[in-house]
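A closer look at the structure
Residue strings, one per chain:
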Amino acid sequence: MNVFQYFSANSQQILFLTQAHFLYVLICVGIGSAISIVLGLIVSTGEPNPNRFSFDWWATGVREGSLLITAAVLTVPSLALFVLFLPITGLGVTTAIIVLTVYSLYTVLRNTVAGLRSVDRAVLESARGLGYGRIRRLLTIQLPLAWPVILNGIRVTTLISISIAVVGSIVQGPGLGQLLLTGITRIGAANAFPQVLIGTFMCLVVAAVFEIFFAIVQRLTIPRGIRV
Amino acid sequence: MTAVDLQPGVPTPSEERKESGGGFLGVIRANYDLLVAPAIVVVGLIVMVAYVGSQTLDTIEERALEPANVFGQLGQHLLLTAYSTVLVLIIAVPLGIVLSRPGARRIQGGVLALGGFAQALPPFGVLLLLGFWEFGVRSAVIGLTLAALLPVLRNTVVGLQQVDQSLIEAARGMGMSARQTLFSVEIPLAVPVIVAGLRVALVLNVGTATLATYIGAGGLGELVQQALRLNRINLLFVSGAIIAAVALLVDWLAGVAERAIVARSG
Amino acid sequence: MSETENMIVLEAVEKVYPGSTSPAVERLDMAIPRGEIVMLIGPSGCGKTTTLKMMNRLIEPTGGRIILDGDDVTDVNGDQLRRKIGYVIQQGGLFPHYSIADNIGVVPKMLGWDKNRIKERADELLHLVGLEPSTYRDRYPRQLSGGQQQRVGVARALAADPPVMLMDEPFGAIDPITRDRLQDEFLEIQRTVGKTICFVTHDLQEAVKLGDRIAVFGTGGRLAQYDDPDTVLTHPADDFVSDFVGGGAAVRRLSLLELSRLELHPIETDAAAVGNRNGTPVAEVDGSGRPVSWRHLPDRDAATTTLVTVPLSGTVYDAVDVMLDGSASLVAVVDDEGLPQGVLHWNDLVAGLKTRERGA
Ligand SMILES: Nc1ncnc2c1ncn2[C@@H]1O[C@H](COP(=O)(O)OP(=O)(O)OP(=O)(O)O)[C@@H](O)[C@H]1O
Ligand SMILES: [Mg+2]
């Protein structure tokens, strides 16, 4: 059985798993990004030397701490993280979603912090000089100006998550990983190789769909004045 | 270029490492972030040992957790990682340098885009596909190498782009040839980039090596596979913790080495 | 609103930055009269910016009182306060993601003006700062030159018609020619709007040209002298100020002397006056009465002397410039229509200039 025969014979199942993979990544990156952006906004402070125990002081601590911890999480192999959650949340979708979400935190958080911080000091100072309060400054000046960087962080996270999501099927998570796992357990069977090949390849299709999606979002949400 | 294009595994950029005075305390303060991983590992291992100690293990679990068994798998794991990391570096770094030459500027953009997109290609899939060719260590090493190649290549090219252009111009301005500039200015300045690439390769390979067991190449993933097959929660927990600890420590060692090398060359 | 004479009063204002032992600004007393331009000048790091930013509480003073228009504002809400004070900085600080019109409209919008009024106001201000509204209102900051951005910065600060404007080296990063033009426009605008302006500069020439008063700061935020430009140039309060003003004070003073305030020598345009004995120069004029060349000069050959002119609205500095440029020892002063009003001789500069007393 060659790849094309396999594909046409199983197109229903393949499309279903591709969709599931897409949704799985979408949900996790969505939740992860929301958490990261909100956290990033809260802990981003322009104050380089905050007073001890002031809000900015705590914020700086939380920021550095969460960056370090989420970065450490990213160095833990995905298999280990999935497995570590098993005793707590069991086999299945819950574990898969939690772990992938946790993985998606760092890149978006880092880009949110870096993006908010990269906003031109002169712009912030004149905003202050015109009577912009802290929240207004954060939401109407810093966030829109940092948005391209944040969005890029979400994009990168999405691409990484697509490949990590495959491992999730080892703990019975949803998506294309199931094709790979069944394929390898039936090694020697005629359709095992096409199954694994298509499972791997369809990840790139999912990535392409996301790339198109991000290109559109970019066009729609990046303010005209800062588009390059 | 901003932090945006760094690969996962590369920790927060060192831009903000403040001047914090000399002495032992100063060194600690400047590198406090390097204490995070060991702290997590120590706490994690203590929790694990306490947990295992409180459980009564059955014979299957005991056999799986025998030191000889675990260390054997650890050795396989590290070997897989080491082989593939060396291979990745031998291929990706020179290729990255070639690609960042002015002559190759045009394909550079393509490689960067491809490298970005290739992050979505699951290493698990690459590994399994090679399993159809041959089961065992050889194809696992090839699979690991392939999976880490593009990310590291991309990292190297981006890093080399960041090497201060004005320094290169100054060198050319003093009458150095392109060759001399490459060897006496660009490559020394690129050392941090190469070391960062090493770290990325290590992190990716330690991770992917956990999956090598699926094509019969051993490694710590075997513990997990066994635990899943036998449905032993204790074993699962312990194997996850061991893998996480190994990965954190490997990355930590690479991080320490990176900082030491960068401090010396910068 | 009480009609106090001083718009801004600083009373023993002091700033000590955290972690620093010596004050950046030390017990500063200063009063800025309504409708005047006060220039803050002094060596780098002497506390000019700190002083300016304390006026709108971008920096909180660590001591003293700030009184704005008769009210103590040392403890009012800073954001509210700043909406009533225009603020312009060197880099412009325009919001890159807002169109030019939106940039100008930010403060009116916060103050709750309706959309049409904001739009009209933006057009009006663009006009005022010399940018054609239909061309520029929908552009973004990056599509403007540095000088144009700076003008928009001024327009934005003026938007809600604040009585007070604070400007921190607004023309600092602009090439000399554009800067000169912006300064002229700035004075022109000030004639229309009559704001109380506090203006930080590094450039003594700029301070002399724009200021009604100059505040010279010494190191550590000490106010070394606070006087009108003429007095600062001619009677420096101490060695520090005279060092700072440096040589060339006499030449700089020339730019303070407006030609319209001088007794000029008479000029004739009638051919019949040629050969007169009272020393009046005679100029040849074109159809509309503008002088084109000399017909007769009392003490030299009229044919080899070029006729140069300077507008009556200029200063003695301009007259000297024109004379040096045309290698002429005298210059015809003309009015807005180009009609001759009198003559200034090179010798007058050394013999002493006679000013005539006029209303202003
Ligand atoms: N945020 C700050 N924290 C601590 N010290 C500061 C801070 N801002 C300014 N200073 C110090 O206060 C002094 C006055 O600074 P300020 O910015 O007011 O000077 P300036 O007169 O505006 O100088 P310049 O002409 O260079 O702009 C300087 O010695 C400066 O180092
Ligand atoms: Mg300043």
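Per an unreviewed UniProt entry, chain B carries the name ABC transporter permease and comes from Actinomycetospora termitidis. Here is the UniProt Sequence similarities (unreviewed entry) comment for chain B, exactly as written: "Belongs to the binding-protein-dependent transport system permease family."

Under an unreviewed UniProt entry, the name given to chain A is ABC transporter permease, and the source organism is Actinomycetospora termitidis.

1. A look at the overall build of chain A
Along its length, chain A carries ten helices and zero strands. The linear arrangement of helices and strands in chain A, starting from the amino end, is α-α-α-α-α-α-α-α-α-α. Each of the three principal axes of chain A carries a C-alpha extent, and together these read 70 × 40 × 20 Å. Looking at chain A as a whole, 58% of its 228 residues qualify as buried. Long-range pairs, those at least 24 residues apart, make up 73% of the contacts in chain A with a sequence separation of at least 6. Counting only carbon and sulfur atoms, one obtains 68% of the accessible surface of chain A, whose full area is about 9500 Å². In chain A, 14 side chains carry a positive charge and 6 a negative one; their mean positions are 7 Å apart.

2. Quick word on the interface of chain A and chain C
The partner chain C presents 24 residues to the 21 residues of chain A that form the contact. Summing both sides of the interface, chain A and chain C together bury roughly 2000 Å²; the carbon and sulfur share of this comes to 58%. Viewed at the interface, chain C and chain A are joined by one salt bridge. Of the charged contacts, one joins Lys53 of chain C and Glu125 of chain A as a salt bridge, the two residues approaching to 3.4 Å between their closest N and O atoms. In this structure, the connection of chain A to chain C is made through eleven residue pairs in polar contact (both at pLDDT 80 or more). Counting residues per element, the ones that place at least two in the side of chain A that touches chain C are α7 (121-129) and α8 (134-167) of chain A.

3. Observations regarding the UniProt feature "transmembrane region" (unreviewed entry) in chain B
Residue and element names in this part refer to chain B. UniProt annotation of "transmembrane region" (unreviewed entry) refers to residues 34-54, 74-99, 111-133 and 233-254 when read in the numbering used here. Summarising residues 34-54: 90% helix, 0% strand, and an end-to-end C-alpha distance of 31 Å. Between the C-alpha atoms that bound residues 233-254 there is a distance of 32 Å. The span itself is 100% helix and 0% strand.

4. Some points on the UniProt feature "transmembrane region" (unreviewed entry) in chain A
Under the feature "transmembrane region" (unreviewed entry), the UniProt entry names residues 20-44, 91-109, 145-172 and 192-217 of chain A. Counted over residues 91-109 of chain A, helix gives 84% and strand 0%. Its end C-alpha atoms are 28 Å apart.

5. Digging into the side chain of Asn111 of chain A
Its location among the elements puts Asn111 of chain A in helix α6 (residues 105-117). For Asn111 of chain A, the side chain forms a polar contact with the side chain of Arg110 of chain A, separated by 3.2 Å.

6. What to know about the nonpolar core
Soluble globular proteins tend to bury their nonpolar side chains together. Of all hydrophobic cores here, the largest spans 103 residues; its most connected members are Ile154 of chain A together with Phe124 of chain B. Ignoring any residue separated from it by four or fewer positions in sequence, one finds Phe124 of chain B in contact with Val166, Ile170, Leu180 and Leu181 of chain A together with Leu211 and Tyr214 of chain B.

7. Quick look at the confidence of the model for chain B
All names here are of chain B. Confidence along chain B averages 82 in pLDDT terms, with 89% of residues attaining 70 or more. Overall, residues 1-20 carries pLDDT values under 50, and its contacts beyond four positions in sequence, including any with other chains, amount to 44 contacts. For this predicted complex, the interface score ipTM comes out at 0.88, alongside a pTM of 0.82.

8. Here we look at the interface of chain A and chain B
Taken residue by residue, the interface counts 44 residues in chain A and 50 residues in chain B. Here chain A packs against chain B, burying approximately 4100 Å² in sum over the two surfaces, 80% of which is carbon and sulfur. Where chain A touches chain B, the interface holds zero salt bridges. At the junction of chain A with chain B, the criterion picks out one residue pair in polar contact (both at pLDDT 80 or more). At the level of secondary structure, the elements contributing two or more residues to the side of chain A that touches chain B comprise α3 (55-75), α4 (78-89), α6, α8, α9 (177-185) and α10 (192-221) of chain A. No other element matches α10 of chain A, which puts ten residues into the side of chain A that touches chain B.

9. Points about the site of ligand 1
Residue and element names in this part refer to chain C. Surveying the vicinity of ligand 1 reveals the residues Tyr17, Ala24, Ser44, Gly45, Cys46, Gly47, Lys48, Thr49, Thr50, Glu169 and His202. The backbone of Cys46 places a nitrogen or oxygen atom 3.2 Å from an oxygen atom of ligand 1. Look at ligand 1: alone it shows 630 Å² of surface, and the protein chains cover 56% of it. For the shell around ligand 1, the class distribution of residues is three nonpolar, six polar and two charged.

10. A closer look at the pattern of salt bridges
All names here are of chain C. Counted under the stated rule, the structure contains 24 salt bridges over all chains. Two residues, Arg65 and Glu11, come together in a salt bridge whose shortest N-O distance is 3.1 Å. Here the residue Arg65 occupies a position in strand β4 (residues 63-68), and Glu11 occupies one in strand β1 (residues 6-15), the gap between them amounting to 54 residues. In this structure Arg65 comes out as partly exposed when scored by relative accessible area, which is 36%. Residue classification places Glu11 among the partly exposed positions, given a relative accessible area of 30%.

11. Observations concerning the sheet that holds strand β5 (residues 71-72) of chain C
Residues and elements named next belong to chain C. Spatial ordering of the open sheet is given by β2-β1-β4-β5, a layout of four strands whose pairing is antiparallel. Single-partner strands in this sheet number two, and they are β2 (25-33) and β5. Where β1 meets β2, six bridges bridge the pair, whose relative direction is antiparallel. Looking at β2, one finds that Asn6 is bridged to Pro33.

12. A few points about a nonpolar patch on the surface
All names here are of chain A. On the surface, a nonpolar cluster with roughly 400 Å² of combined accessible area is contributed by Leu23, Leu26, Ile27, Ile31 and Ile35. Within the secondary structure, Ile31 sits in helix α2 (residues 11-43). By relative accessible area, which is 38% here, Ile31 ends up partly exposed.

13. Considerations on the sheet that holds strand β9 (residues 213-218) of chain C
Residue and element names in this part refer to chain C. Strand order across the open sheet formed by six strands is β6-β7-β8-β3-β9-β10, with mixed pairing between neighbours. Of all strands in the sheet, those bounded by a partner on one side alone are β6 (85-89) and β10 (222-227). Between one strand axis and the next, the sheet turns by 15 degrees as a mean value, whatever way the strands run. Along the sheet, helix α1 (residues 48-55) contacts β3 (37-41), β6, β7 (164-168), β8 (196-200) and β9; its crossing angle with β7, the most-contacted strand, is approximately 155 degrees. In the packing of helix α7 (residues 146-158) onto the sheet, the strands contacted are β6 and β7, and the crossing angle to β6 comes to about 165 degrees.

14. Focus on the packing of aromatic side chains
All names here are of chain A. What the rule picks out here adds up to 15 aromatic pairs over all chains. Pairing Trp57 with Trp58 gives two aromatic rings, centres 4.9 Å apart and planes at 85 degrees, and the pair type is edge-to-face. Judged by relative accessible area, Trp57 falls into the partly exposed class, the value being 29%. Note on Phe213 and Phe214: the rings are 5.5 Å apart at their centroids and 65 degrees apart in plane angle, and the pair reads as edge-to-face. Residue Phe213 is classed as partly exposed on the basis of its relative accessible area, which comes to 40%. An aromatic cluster is built from Phe22, Phe210, Phe213 and Phe214, whose rings are joined through pairwise contacts.

Cut-offs used in this document
- Residues numbered from 1 in each chain as written.
- Chains lettered and ligands numbered in written order.
- Predicted model: local features only at pLDDT ≥ 70, side-chain atom pairs only at ≥ 80, totals over all residues.
- Heavy atoms only, no water.
- UniProt positions renumbered as here; feature names shortened; annotations may be inferred.
- Helix = DSSP H or I, 4+ residues; strand = E, 2+ residues; numbered from the N terminus.
- Buried < 20%, exposed > 50% of the residue type's maximum accessible area, 1.4 Å probe, protein only.
- Contact = heavy atoms within 4.5 Å.
- Areas by Shrake-Rupley, 256 points an atom, 1.4 Å probe, with all protein chains shown as cover.
- Lys, Arg positive; Asp, Glu negative; His and termini not counted.
- Charge placed at Lys NZ, Arg CZ, Asp CG, Glu CD.
- Buried area = accessible area lost by both parts, 1.4 Å probe.
- Salt bridge = Lys/Arg side-chain N within 4 Å of Asp/Glu carboxyl O.
- Polar contact = N/O pair within 3.5 Å; in protein donor to acceptor, adjacent residues only side chain to side chain.
- Core = buried A, V, L, I, M, F, W, Y, C linked by side-chain atoms within 4.5 Å.
- pLDDT = per-residue confidence, 0-100.
- Near = heavy atom within 4 Å.
- Nonpolar A, V, L, I, M, F, W, Y, C, P; charged D, E, K, R; others polar.
- Pairing = 2+ DSSP bridges.
- Patch = residues over 30% accessible without salt bridge, like charges linked within 9 Å, V, L, I, M, F, W, Y side chains within 5 Å.
- Axes fitted to C-alpha atoms, helices over the stretch in contact; angles between N-to-C directions.
- Phe/Tyr/Trp six-rings, centres within 6.5 Å; stacked < 30°, edge-to-face > 60°.

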